[in-house]
Amino acid sequence: MDSSLDVQGVTGGSAASGAERDPLSVEPAVSGTRGARLWFGRHAVSLGWFVPLIVLGTAVHAAALTSRAAPGELPGAVAAVVFGTLAALLLWMLARRLHLTQPAAALAVFVFLLSPLALTAHTTASLPNAVAPVLLAGVIVVIDPRRSTRLRMIVGAIVAAILAVVLLLELAASGAPATSSVIGRWWALDPAILILGTGCSVAALAVARLRPFGLVSLGLVLLALRPGADMLVPAAALWLPLAALLVAGTVQAAAQAAWEAGFTAVWLEIVAGIFLVAVVGVFIFAAPALAPGYRTLLEGSPGGQPGQPGAVPTFAQSGVVGDAAAGATPPASAGAEVPGTDDPTGPAAEAESGRALAGAQTAARASIGLQLSTNPQLQLSAEATAELVAGDVDVRSVLTLAQLLASTPVAVSDFPAVAGEVGAPRRQILISSLGGRASTGSSAVLNDVSAYFENLAPPLGGANVVSTDDGVLVIFPFGEPADLLPAGQGP
């Protein structure tokens, strides 16, 4: 018998046919199984593109989660991973609704799940992580022509309202200025997605169906560029779906333009070809720069120096930490001559020399911060990781943590900036656990941290240790000893 007749009989044949069939027969179950097989047959190719990416993304997120999340942050981080996976599913649906091919939609999901910036955002608890799937689901409804106009308008208004509220909450959140901008810390973790996402957002303005997404993406980038912006994860959680979608969408549009344009549109073929070459070039040349970002998130890879994975900075191993703790070379005095400032060419040359010196010091902090972040004894929040690898953290924090980690595991939730200190290295450490013991409300942890930091000899000594609602806060005196920076990288 033709199987199509079975389906017709179950789903609504003639009245006579319905009267002859027993409504309690097992045919509906058989039809359900057949329907499932038919659905799987229609979507097998899509599942072949999508499911492996989800499995791979979940595995990599789990690895990043177990190595980076502090004990007290684990439930929120797990929830963030779940929201990220749900957002990936919705991103696939949105890409297909926008008529992206399956390979292009898979590219969007790949970028969204597996870039270093994505691993940071998707393993950190934040409100935008929970909001992103809601916004994606709303956009899918809004662009679906099968829905009623009234419903699409209502959902569109809700999406706009939610986005506005989240952005206003993040803008109103208080925080001290960072020594490097949010964009600077994005760059430290993932230069490829920053270049591609921003560039493709601009290119999307020329593609009608992608133009609204390009405008919103550029708006979020501008918010991250504003003075005083210091919200790495919330900004990234909202921007990443758009960036991933626009990278895939503009690549597909450029490929179609280059392939389908006739002789009357040679200029279009040339522009599209240049764009595609540029995208491939970014992938090729930025790929090596992604390695440090992955090293800060995934445990078990060398910190860029010889020795065991996760080892403390090599300059500390060579005796700098020990000498400092024993009271070796004191920090340079305020009146000491800074190399390069005696250039006889005048104030302009002095200013340029000062900028070069500050850049060298930031690079030195970033280098030792990256090495420290790979230590398996150290658990860092995404914000603390970004601050370390961007060179925002005072060298004393890095050196003292390196020593402490030799004897016990430590979890750091943040390196808070002191209010009013714009451009200065962050000289505070917020410790959330010590030796597996949560620091919040624990007098034992407070006493242990105080005993360690308050008994260090200059130039590492002199720190004040206090208890806060978020953990134990270590505060170093103002003025970073520049000669503690690794040789050849500092002044």
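The text that follows walks through the structure, step by step, so that each part is easy to find. Keep in mind that what you see is a predicted model, and the values were worked out from it rather than measured. All residue numbers refer to position in the chain's written sequence, counted from 1. Totals for whole chains, interfaces and linings use all residues, but because this is a predicted model, local features are given only for residues with pLDDT of at least 70 and pairs of side-chain atoms are given and counted only at 80 or more. To get the side-chain values, all heavy atoms of the structure are used, and hydrogens and water are removed first.

Some words on the overall build of the protein
Broken down by element type, the protein carries 19 helices and six strands. Counting the 491 residues in the protein, one finds 44% classified as buried. Taking all contacts inside the protein whose residues are at least 6 apart in sequence as the whole, residues at least 24 apart take part in 71%. Calculation of accessible area relied on Shrake-Rupley with a 1.4 Å probe; when residues are assessed, cover is drawn exclusively from the protein chains displayed. Carbon and sulfur atoms make up 67% of the accessible area of the protein, which amounts to about 22800 Å² in all. Helix and strand labels come from DSSP, where a helix needs a run of H or I of at least four residues and a strand needs a run of E of at least two; each type is numbered from the N terminus. Exposure is judged per residue with a 1.4 Å probe applied to protein chains only, and the accessible area is read against the type maximum: over 50% gives exposed, under 20% gives buried, and values in between give partly exposed. By definition, residues are in contact when any of their heavy atoms lie within 4.5 Å.

What about the pattern of salt bridges?
One speaks of a salt bridge when a side-chain nitrogen belonging to Lys or Arg is within 4 Å of a carboxyl oxygen belonging to Asp or Glu. Taken as a whole, this structure holds seven salt bridges when the rule is applied. Across the pair Glu480 and Arg365 runs a salt bridge, and its minimum N-O distance is 3.0 Å. Note that Glu480 is positioned in the segment after β6 (471-475) and Arg365 in helix α16 (residues 347-373), a separation of 115 residues in sequence. Comparing Glu480 with Arg365, the two get one shared label, buried.

Points about the layout of surface pockets
The calculated volume of the second largest pocket comes to roughly 500 Å³. As for the second largest pocket, its lining consists of 22 residues, and the residues nearest its centre are Val139, Val159, Phe213, Val216 and Leu242. Elements supplying a minimum of two residues to the lining of the second largest pocket: α7 (127-142), α8 (149-172), α11 (211-225) and α12 (232-260). Here the lining of the second largest pocket takes six residues from α7, the largest share from any one element. Per-class residue counts for the lining of the second largest pocket are 19 nonpolar, two polar and one charged. Within this scheme a cavity is a closed region of a 1 Å grid, computed over the protein atoms alone, that accommodates a 1.4 Å probe without allowing it to escape, whereas a pocket is open but has protein on both sides within 12 Å along at least five of seven lines; lining residues each have an atom within 4 Å of a point. Grid points are joined across faces, edges and corners, and a volume is the space filled by probe spheres set on the points. In this classification, the charged set is Asp, Glu, Lys and Arg, the nonpolar set is Ala, Val, Leu, Ile, Met, Phe, Trp, Tyr, Cys and Pro, and all remaining amino acids, among them Gly, are polar.

Let's talk about the pairing of β6
Most of β6 is tucked away: four of the five residues are buried. Note: two strands are recorded as paired if DSSP finds a minimum of 2 bridges between them. The pairing of strand β3 (residues 428-434) with β6 spans four bridges and is antiparallel. Each residue of the ladder has a partner; that of Ile429, found in β6, is Val474. Here strand β5 (residues 464-468) runs beside β6; their pairing, made up of five bridges, is antiparallel. Each bridged residue has a counterpart across the sheet, and for Val466 the counterpart in β6 is Leu473. The turn linking β5 back onto β6 is made up of two residues.

Considering helix α10 (residues 191-204)
Working rule for helices: expected span equals 1.5 Å times residues minus one. Taking 1.5 Å of rise per residue, the 14 residues of α10 would be expected to cover 20 Å, and the 20 Å separating its terminal C-alpha atoms lies within 8% of that figure. Those residues of α10 that fall on the buried side of the exposure criterion are Pro191, Ala192, Ile193, Leu194, Leu196, Gly197, Cys200, Ser201 and Ala204.

Details of the nonpolar core
Phe112 and Leu245 are the most contacted members of the largest nonpolar core, which totals 57 residues. Counting residues per element, this core draws most heavily on α12, at 13 residues. Those residues within four positions of Phe112 in sequence are excluded, and the remaining contacts are Gly84, Ala87, Ala88, Leu91, Ala118, His122, Leu240, Pro241 and Ala244. Buried Ala, Val, Leu, Ile, Met, Phe, Trp, Tyr and Cys residues form a nonpolar core when they are joined through side-chain atoms within 4.5 Å. By size, the runner-up hydrophobic cluster in this structure holds 34 residues, among which are Leu372, Leu378, Val445 and Leu456.

Points about the side chain of Ser397
For Ser397, the location among the structural elements is in helix α18 (residues 395-405). Apart from the residues lying within four places of it in its own chain, the contact partners of Ser397 are Phe415, Arg426, Arg427, Ile429 and Phe476.

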